[in-house]
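One letter stands for each residue in the lines below.
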Amino acid sequence: MSEPLLEFETVVVGGGPAGLAAACAAAEGGRRVALVDDTPWLGGQIWRGQKGRPRQALEWIGRFQRCGATLLDRTSVIAAPHPGLLMAECDAQAREIRYTRLILATGARELFLPFPGWTLPGIMGPGGMQSLVKNGWPAQGRRVVVAGSGPLLLAVAAGLRKHGAKVVCIAEQAPWRKVIGFGFGLLAHPSKLCQGAQIKSHLLGVSYRCGVWPLRAEGAAQIRSVTLTNGQSTWTEPCDLLACAFGLVPNVELPLAAGCELKEGFVLVDSWQATSVKGIYCAGEPTGVGGADCALVEGQIAGYAASHQPARAQALFARRASWHKFRAALASAFALRPELKSLAAEDTLLCRCEDIPLGRMRQHDNWRDAKLQTRCGMGPCQGRVCGAAAKVLLGWGMESVRPPVLPARVRSLILGEMQNAKCKMQNGE
Ligand SMILES: Cc1cc2nc3c(=O)[nH]c(=O)nc-3n(C[C@H](O)[C@H](O)[C@H](O)COP(=O)(O)OP(=O)(O)OC[C@H]3O[C@@H](n4cnc5c(N)ncnc54)[C@H](O)[C@@H]3O)c2cc1C
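None of the values given here were measured: they were computed from a predicted structure.

Draft legend 1. A look at helix 2 (residues 55-66). The first and last C-alpha atoms of helix 2 sit 17 Å apart over twelve residues, in line with the 16 Å expected at 1.5 Å per residue. Close packing links the buried residues of helix 2 with helix 1 (17-28), strand 2 (33-36), strand 3 (70-72) and helix 8 (291-306). Backbone geometry just downstream of helix 2 places Gly68 in the positive-phi region, at approximately 90 degrees.

Draft legend 2. Quick peek at the packing of helix 2 against helix 8. At a minimum axis distance of 13 Å, the contact between helix 2 and helix 8 shows a crossing angle of 15 degrees. Regarding the angle of helix 2 to helix 8, the classification is roughly parallel. As helix 2 packs across helix 8, the resulting crossing turns out to be left-handed. The residues of helix 8 that touch helix 2, namely those facing Gln56, Trp60 and Arg63, are Asp293, Leu296, Gln300 and Tyr304. Residues that form the contact of helix 2 with helix 8 fall into these classes: three nonpolar, two polar and two charged.

Draft legend 3. Region of the structure containing the pattern of salt bridges. Enumeration according to the criterion identifies 15 salt bridges in this entry. A salt bridge links Asp91 to Arg74; the nearest nitrogen and oxygen atoms lie 2.9 Å apart. Separated by 17 residues along the polypeptide, Asp91 in the loop between strand 5 (85-90) and strand 6 (93-104) and Arg74 in the loop between strand 3 and strand 4 (75-82) bring together distant segments of the chain. For Arg74, a relative accessible area of 40% translates into the label partly exposed. For Arg384, the salt bridge goes to Glu253, with nearest N and O atoms at 3.9 Å. Highlighted residues: Arg384 in the loop between helix 12 (367-374) and helix 13 (386-394) and Glu253 in helix 7 (residues 253-257), separated in sequence by 131 residues. The pair formed by Arg384 and Glu253 is uniform in burial state, with each residue classed as buried. Among the charged side chains, a salt-bridge network with shared partners connects Arg109, Glu253 and Arg384.

Draft legend 4. The arrangement of the packing of aromatic side chains in detail. Scanning the entire structure with this criterion turns up five aromatic pairs. Aromatic pair Phe182 and Phe326: ring centres 5.8 Å apart, planes at 45 degrees, arrangement tilted. Note that Phe182 is positioned in helix 5 (residues 176-185) and Phe326 in helix 10 (residues 317-333), a separation of 144 residues in sequence. Each member of the pair, Phe182 together with Phe326, is buried. Directly above the ring of Trp137 sits Arg142, whose terminal nitrogen or CZ lies 4.9 Å from the centroid. One residue, Arg352, lies across the ring of Trp118, its end atom 5.1 Å from the ring centre.

Conventions we followed
- Residues numbered from 1 in each chain as written.
- Predicted model: local features only at pLDDT ≥ 70, side-chain atom pairs only at ≥ 80, totals over all residues.
- Heavy atoms only, no water.
- Helix = DSSP H or I, 4+ residues; strand = E, 2+ residues; numbered from the N terminus.
- Expected span 1.5 Å × (residues − 1).
- Contact = heavy atoms within 4.5 Å.
- Axes fitted to C-alpha atoms, helices over the stretch in contact; angles between N-to-C directions.
- Parallel < 35°, antiparallel > 145°, perpendicular 65-115°, else oblique.
- Left-handed = near helix turned anticlockwise from the far one by under 90°.
- Nonpolar A, V, L, I, M, F, W, Y, C, P; charged D, E, K, R; others polar.
- Salt bridge = Lys/Arg side-chain N within 4 Å of Asp/Glu carboxyl O.
- Buried < 20%, exposed > 50% of the residue type's maximum accessible area, 1.4 Å probe, protein only.
- Phe/Tyr/Trp six-rings, centres within 6.5 Å; stacked < 30°, edge-to-face > 60°.
- Lys NZ or Arg CZ within 6 Å of the ring centre and 35° of its normal.

This is the structure:
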C-alpha cells in the first residue's frame, strides 16, 4: 500500500484568507511551504468561486501564486495521527503529508439550531445558499426569508437580491439596541463601515427586523412559510426558501485531533498564534470569529512566526489588536438570546443524519453517552451540525475528536493507523 509521501517545512491547512496570508508570509521568507485545501478554489468561504472576486481576494491569490508555495487543492486533511504527520485524501487516494511546522487555518461553519420544520427542503444556511447561487443555482423570482444572526445575513440577502431573488425580510435575533451599538463601533473600522453601507444600499426596501427569530417552518415537500416572533407577537411569512443560521462555529476538530488546547470553544493561541502544541500555529476563525480582515492579519503573524521572522510578526500586533476589538464587539452584539434554546420540541430532530429527536438526546448526560446510545453525530456530518447545536441547547462540550475529522475512505484510515504505528516504533514508544 505505498502512497506518495509529501514533505514540507511548513504546511498550512486551509486556503481561506488566514491560510493564504500564512502561506505567503512563510514562503516569502524562503521556507518550503504547502497550502492544503479541500476545495478546488483558493479563497475559503468568503472568496470561494471564480467569478466576481473582490480586489482584495485577487491581490492575495496573486501574491500566493507568486510566493513559491505548493498548492495541494481538493485535498482533505482527515487526521493528525502523530506529531509531524497529517493524513489526507485527494482524488480518493490517501496521502501522507509530513511537516516541521503546521499552521491550522480551518475556518468556521454555520451554526444551525433546530426548530419545528427546520429540515424541510428549501431551508439552508445563508452562507450555503449564497455559495449555491454564486455557482449558478437559480434564485430568480424566488421568495426568500433570511433569518438567524450576524452581519452575514445582510451580505447574503444583498447577494440573493442581486441574483433576482425576492428577499421577503431579514430577521435578526439580536435586539436593535445591540445592533445599533455595533454599527456605531464600525466607525473605528472605516473599511467595514464602507462594506456595510454598500450592502445596505443593495437592500433598499427590504425590511431588516431586529429582535425577531423563527418559531417554525411549514410545508410538505418544500417549505411554504415560516412563522416569526419578536417575543410578543407572531406572524407567518409565505416563502419559497428560508436561509437561516445563527452565526458561525469554529472548525476546531483538526486542531483538537492534533492535541491543541481550546479555551471557551476556540483554539488557544499566544501572541505568535502558537498553539499549546510545539510547532503548531493556528489563525483565523478557529481562534475566534472576527471576519476576513482579522483572519488575514492573524494568518500573516502565524506565517512569519512559523518561519522565524519575529520582527515582521510583531509589526502586525497592533493591527491584530484592533481587529480583536471588532471580534469582541461582534460576539457581544450578536450573542444568542436564551429563547433560541427552547425552539425545538421534544420530537424535533436534533441529529438529522441519524434521525434522533431532541427528546431522545435529553435522556443522556453528555455528548459521548448520547453518541454511544443513539448514534447521534455518527452520520455524514460527523457531529458538525448536531454537535454544535447540542452544545447550545444542552450545554454539552466535545471533549475529544476521533479521526477522521472529515468523511474518509476505510483505506485511508488503515494507512493512517499503519503510519501511526510506524512512527511509534521509530520513536520507541
Ligand atoms: C458558508 C460561509 C459563507 C461565508 N460567506 C461570507 C461572506 O459572504 N462575506 C463575509 O464577509 N464573510 C463570509 N463568511 C465568513 C468568512 O468565511 C470569514 O470571516 C473569513 O473568511 C474566515 O477566513 P478563514 O481563513 O479563517 O476561514 P475560511 O475562509 O473558512 O477558510 C478555511 C478553509 O479551510 C478549508 N478546510 C477546513 N478544514 C479542512 C481540512 N480538514 N482539510 C482541508 N481543508 C480544510 C475550508 O474548506 C476552507 O476553504 C462566510 C462563512 C461561512 C461559513
